[in-house]
Amino acid sequence: MSDTPYGGGHPNVARAEALLSVGRTQDACDLLTSHTKEVSHKDADVYALLACCFYRMQKWPASLVMAESALSLSPSHTDGHIYRSEALWRLGRADEAVTAAREAIRISPHHQTPYQSLSAALRAAGDLDGALAAANESVRVSPESVNSHFARYSALMDMGDKAGAQQVMRDVLSFAPEDADARAILAGLKDEARELRLPELAKEYAAALGSDPTSAYITAKLEDVALRLVRRTRWVALVCLVYAAVVSRAFPTGDDPTSLPAPLGPRMWFFFLMCVGWGLCVWRTYFKLPKGAQLTLLSVVRRAFAAKLAVAHSLWGTLCAVLLVTVPWTDRGYEQALAWIGGVPVVLAMWWGNARRRNEREEAEKAKEKRLKSARERESQAAR
């Protein structure tokens, strides 16, 4: 986590650092592990780098062991305290993580990373005000550190201040306009605030993915937007079906003419309007998207069962609408049955999908609240 290079001690250490810088974490870990077996001299920097490797691989117990090994050799090793803090709060030992982060700050008060670790540990402990204060101090120490601003963003999100979180992402983009994560997160926050339409959201995620093509997070967000675009086509199918039922006189009301079959002219005119409507829908949903978003949408339709099901629903509703206006029906019972057969499955699928996604969001919010509540309870018990 520190910006201090370790490579001056041994060529293997320098090579491991280079491997870590290009994302080859496993190779760096293997090199450092073999290095510790080959040399008799124990080096705190090597164990700190191993802690970094296990940290990136999300192997928290191993990262903690390596960090403590580094500290046993050099008690004032800043990165040793930082990785120890990061591993501890993920293992549910938030109070110890706070202590480790404060020790890293004592050793390196002018470096931003220990403040970021303290902010994360305090968030895990439920002290959101303290976490925000630590993140603000990290930003003060290094105003153009992306990670410092992200620590502040995380604290604000836990506090429910989404407007403040948006501003933090704008601050990041002001000095790092190519930062893919900041652009994607800002787009997501705008989506939650309903400030962006889906095509605009897809453009933002596609642009962010262009800056970081390997980001699994941004790829997943773009695929989610593509799925939402596909699902919205069912509304077009339902509108077409409703108007087709009206034009074909399947459900006459009031003083409307009731004789069957309905006149050919209005039916063909509606058929033409339906084709135009679908053309506009496809144009806005697909052809107005950037090339990357278009490819993602096609990929989602090919791979995702939910997308295939949404396309099938749209086609089914539209087919029933076409049959209603192109066939000269003389039996209103058949017309009404066709309208119900076309509309009910689509409506039920939309209702069930919306309910399931709403429940998932509520469960996620409850889990977050439960985590914060338990952290606050642990903090209050420790204070007593």
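The notes below deal with the structure included here. A quick note: this is a predicted structure, and the numbers were derived from the prediction, not measured.

### Some thoughts on a nonpolar patch on the surface
Right, on to step 1. Side chains of Trp269, Phe272, Leu273, Val276, Leu280, Val282, Trp283 and Phe287 sit close together on the surface and give an oily, nonpolar patch of about 810 Å² of accessible area.
Right, on to step 2. By the element assignment, Phe287 lies in helix 14 (residues 264-287).
Right, on to step 3. For Phe287, a relative accessible area of 54% puts it in the exposed group.

### Looking at the packing of helix 3 (residues 44-56) against helix 4 (residues 60-73)
Right, on to step 1. Running from amino to carboxyl end, helix 3 crosses helix 4 at an angle of 165°, the nearest separation of the two axes being 8 Å. Between helix 3 and helix 4, the interaxial angle falls into the category roughly antiparallel. Classified by chirality, the crossing of helix 4 by helix 3 is left-handed. Judged by residue contacts, Ala44, Tyr47, Ala48, Leu50, Ala51, Phe54 and Tyr55 of helix 3 engage Trp60, Ala62, Ser63, Met66, Ala67, Ser69, Ala70 and Leu73 from helix 4.
Right, on to step 2. Tallied by class, residues from the contact of helix 3 with helix 4 come to 13 nonpolar, two polar and no charged.

### Here's the deal with the pattern of salt bridges
Side-chain pairs of opposite charge can arise where the charged atoms are in close proximity.
Right, on to step 1. Here the structure, examined in full by the defined rule, presents twelve salt bridges.
Right, on to step 2. Arg140 is paired through a salt bridge with Glu137; the nearest N and O atoms lie 2.4 Å apart. Placement of the pair is Arg140 and Glu137 together in helix 8 (residues 128-141), with a separation of three residues, close to one helical turn.
Right, on to step 3. The class of Arg140 is exposed, set by a relative accessible area of 55%.
Right, on to step 4. Between Glu204 and Arg183 there is a salt bridge, and its shortest N-O distance comes to 3.0 Å. Placement of Glu204 in helix 12 (residues 198-211) and of Arg183 in helix 11 (residues 180-192) is noted, with a sequence separation of 21 residues between them.

### Examining the nonpolar core
Right, on to step 1. Counting 28 residues, the largest nonpolar core has Leu118, Tyr153, Met169 and Leu189 as its most contacted members.
Right, on to step 2. Mapped onto this core, the elements with two or more residues apiece are helix 5 (78-90), helix 6 (94-107), helix 7 (112-125), helix 8, helix 9 (146-158), helix 10 (162-175) and helix 11.
Right, on to step 3. It is helix 9 that provides the largest number of residues to this core, a total of five residues.

### With respect to the packing of helix 3 against helix 5
Right, on to step 1. Between helix 3 and helix 5, whose axes approach to 9 Å, the crossing angle comes to 30°. The orientation of helix 3 relative to helix 5 falls into the category roughly parallel. With respect to the hand of their crossing, helix 3 and helix 5 are arranged in left-handed fashion. Contacts from Ala48, Ala51, Cys52 and Tyr55 of helix 3 reach helix 5 at Asp79, Tyr83, Glu86 and Arg90.
Right, on to step 2. Split by residue class, the contact of helix 3 with helix 5 holds five nonpolar, no polar and three charged.

### Some thoughts on helix 10
Right, on to step 1. Compared with an ideal rise of 1.5 Å per residue, which puts 14 residues at 20 Å, helix 10 spans 21 Å between its outermost C-alpha atoms and is within 8% of the ideal.
Right, on to step 2. Listed as buried for helix 10 are Gly164, Ala165, Gln166, Val168, Met169 and Val172.
Right, on to step 3. Considering only its buried residues, helix 10 is in contact with helix 9 and helix 11.

### Considerations on the packing of aromatic side chains
Right, on to step 1. Tallied over the entire structure, the rule returns six aromatic pairs.
Right, on to step 2. Between Phe251 and Trp340, the aromatic rings sit 6.0 Å apart at their centres with planes inclined by 80°, giving edge-to-face as the arrangement. Here the residue Phe251 occupies a position in the loop between helix 13 (216-247) and helix 14, and Trp340 occupies one in helix 17 (residues 332-383), the gap between them amounting to 89 residues.
Right, on to step 3. Since its relative accessible area comes to 34%, Phe251 is described here as partly exposed.
Right, on to step 4. Its relative accessible area of 55% is what places Trp340 among the exposed residues.
Right, on to step 5. One aromatic cluster is present, formed by Tyr55, Trp60 and Tyr83 through successive ring pairs.

Each value, and the rule that gives it
Here the residue numbers are simple positions, counted from 1 along each chain's written sequence. Under the rules for a predicted model, residues below a pLDDT of 70 receive no local features and side-chain atom pairs below 80 are neither given nor counted, while totals for whole chains, interfaces and linings still include all residues. Processing note: side-chain calculations cover all non-hydrogen atoms of the structure and skip hydrogens and water entirely. Patches here are clusters of residues that have more than 30% relative accessible area and form no salt bridge, with a 9 Å joining cutoff for like charges and a 5 Å cutoff for nonpolar side chains (Val, Leu, Ile, Met, Phe, Trp, Tyr). Reported accessibility uses the Shrake-Rupley method at a 1.4 Å probe radius. Residues are deemed covered only where the shown protein chains occlude them. The term salt bridge refers to a side-chain nitrogen of Lys or Arg lying within 4 Å of a carboxyl oxygen of Asp or Glu. For helices the rule is a DSSP run of H or I covering at least 4 residues; for strands it is a run of E covering at least 2, with both sets numbered from the N terminus onward. Burial classification: accessible surface area is computed with a 1.4 Å probe over protein chains only, and a residue below 20% of its type maximum counts as buried, one above 50% as exposed, and the rest as partly exposed. Helix axes use the C-alpha atoms of the stretch in contact, all axes being lines fitted to C-alpha atoms, and the angles between their N-to-C directions lie in the range 0 to 180 degrees. Any angle that falls under 35 degrees is termed roughly parallel, while one over 145 is termed roughly antiparallel, one within 65 to 115 roughly perpendicular, and all others oblique. Handedness of each helix crossing follows the sense of rotation of the near helix against the far helix: counterclockwise by less than a right angle gives left-handed, clockwise gives right-handed. Should any heavy atoms of two residues lie within 4.5 Å, those residues are considered in contact. Residue type decides the class: Asp, Glu, Lys and Arg count as charged, Ala, Val, Leu, Ile, Met, Phe, Trp, Tyr, Cys and Pro as nonpolar, and the leftover types, Gly among them, as polar. We define the nonpolar core as a collection of buried residues of types Ala, Val, Leu, Ile, Met, Phe, Trp, Tyr and Cys that are connected through side-chain atoms lying within 4.5 Å of one another. The span expected for a helix works out to 1.5 Å for each residue beyond the first. Ring pairs shown here join Phe, Tyr and Trp side chains whose ring centres sit within 6.5 Å, with only the six-membered ring taken for Trp; geometry is labelled stacked below 30 degrees between planes, edge-to-face above 60, and tilted in between.

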